[in-house]
Amino acid sequence: MMLQVQNVSCRYGGFTAVDSVSLSLGQAEVLGIAGTNGAGKSTLFAAVAGQQQASSGKILFNGADITQVPPYLRAQRGLVRTFQVPREFKSLTVHENLLAAAPNPQGEQMFAALINTQARRRKEQELVEKADQILSFLNLAKVRDTQAHKLSGGQKKLLELGRVLMLDPRCILLDEPFAGVNPVLIEEICQHVRTLNGQGIGFIVIEHHLQALKSLTKRLIVMDRGIVLAEGDPQTVLDNP
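Residues numbered from 1 in each chain as written. Predicted model: local features only at pLDDT ≥ 70, side-chain atom pairs only at ≥ 80, totals over all residues. Heavy atoms only, no water.

S.K.: Can you tell me about unusual backbone geometry, naming the residues and giving the values?
M.R.: With a phi close to 50 degrees, N62 is a non-glycine residue in the positive phi region. Mapping N62 onto the fold places it in the loop between β4 (56-61) and β5 (64-65). At E176, a position not held by glycine, the phi torsion is positive, near 50 degrees. Inspection of the secondary structure assignment puts E176 in the loop between β7 (171-175) and α7 (183-198). The exposure class of E176 is buried, given its relative accessible area of 6%. (Helix = DSSP H or I, 4+ residues; strand = E, 2+ residues; numbered from the N terminus. Buried < 20%, exposed > 50% of the residue type's maximum accessible area, 1.4 Å probe, protein only.)

Okay, structure coming up:
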């Protein structure tokens, strides 16, 4: 298993948002999570990615216990997430947003900047080229130099995906990637997920758009009031009263 969530709970005072949830993600699998608002889906994502500390339980990534590991180190290991509401740097261009997400940019290290200018410039050029390749893959090259706040809702979702791709992820947690997105872009995002999954990247996708989720996944989990209500192949789960 790439990711294992073992009996994870998240509590806020007397309220339990996630109640002893267990799930696993195989290598290069796409897993769907559905449920109504307040079911605990996004809280579970926050616990897995590290923004929310689990109250109990254990999280393993590629066999290593990451329950106490901070989110930036989880990202360095290849476990990354997007957010339901895009969090773009509004005044930066689309291209600059991707560069801002790049790990350990040499230009931010004073010592490296002073003693190894040639290596730093080479690294910066590699990141520029990588960002351009990702924009081309996501069909965002035409808005490369546009300020991010001017993008459509669907384009912002693609930008979120592009930024996490700068981290060379092994597992991506997508939080409602189709919310506020027109049907054409929904299918485009689905195709990008399929392509990336074919390259070995695992996905967990939270989504209310059940037909899109059904087309993407071979396994679906439904959460309700913090617990796993049902799990199985999408059609069987959706047919379950």
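S.K.: With reference to specific residues and values, describe the packing of helix α3 (residues 94-101) against helix α5 (residues 117-137).
M.R.: Orientation of α3 relative to α5, taken along the N-to-C sense of each, is 120 degrees, at an axis distance of 9 Å. The angle between α3 and α5 places the two elements in the oblique class. The interaxial crossing formed by α3 with α5 has right-handed handedness. Contacts from V94, H95, L98 and L99 in α3 reach L127, V128, A131, D132, I134 and L135 in α5. Grouping the amino acids of the contact of α3 with α5 by side-chain chemistry returns eight nonpolar, one polar and one charged. (Axes fitted to C-alpha atoms, helices over the stretch in contact; angles between N-to-C directions. Parallel < 35°, antiparallel > 145°, perpendicular 65-115°, else oblique. Left-handed = near helix turned anticlockwise from the far one by under 90°. Contact = heavy atoms within 4.5 Å. Nonpolar A, V, L, I, M, F, W, Y, C, P; charged D, E, K, R; others polar.)

S.K.: Describe the packing of aromatic side chains, naming the residues involved and giving the relevant values.
M.R.: Aromatic rings in a pair are described by how distant their centres are and how their planes are angled relative to each other. One pass over the structure, following the stated rule, counts zero aromatic pairs. Lying across the ring of F83, R87 places its NZ or CZ 3.8 Å from the centre. (Phe/Tyr/Trp six-rings, centres within 6.5 Å; stacked < 30°, edge-to-face > 60°. Lys NZ or Arg CZ within 6 Å of the ring centre and 35° of its normal.)

Take it as geometry only, folks, not as evidence of what the structure does.
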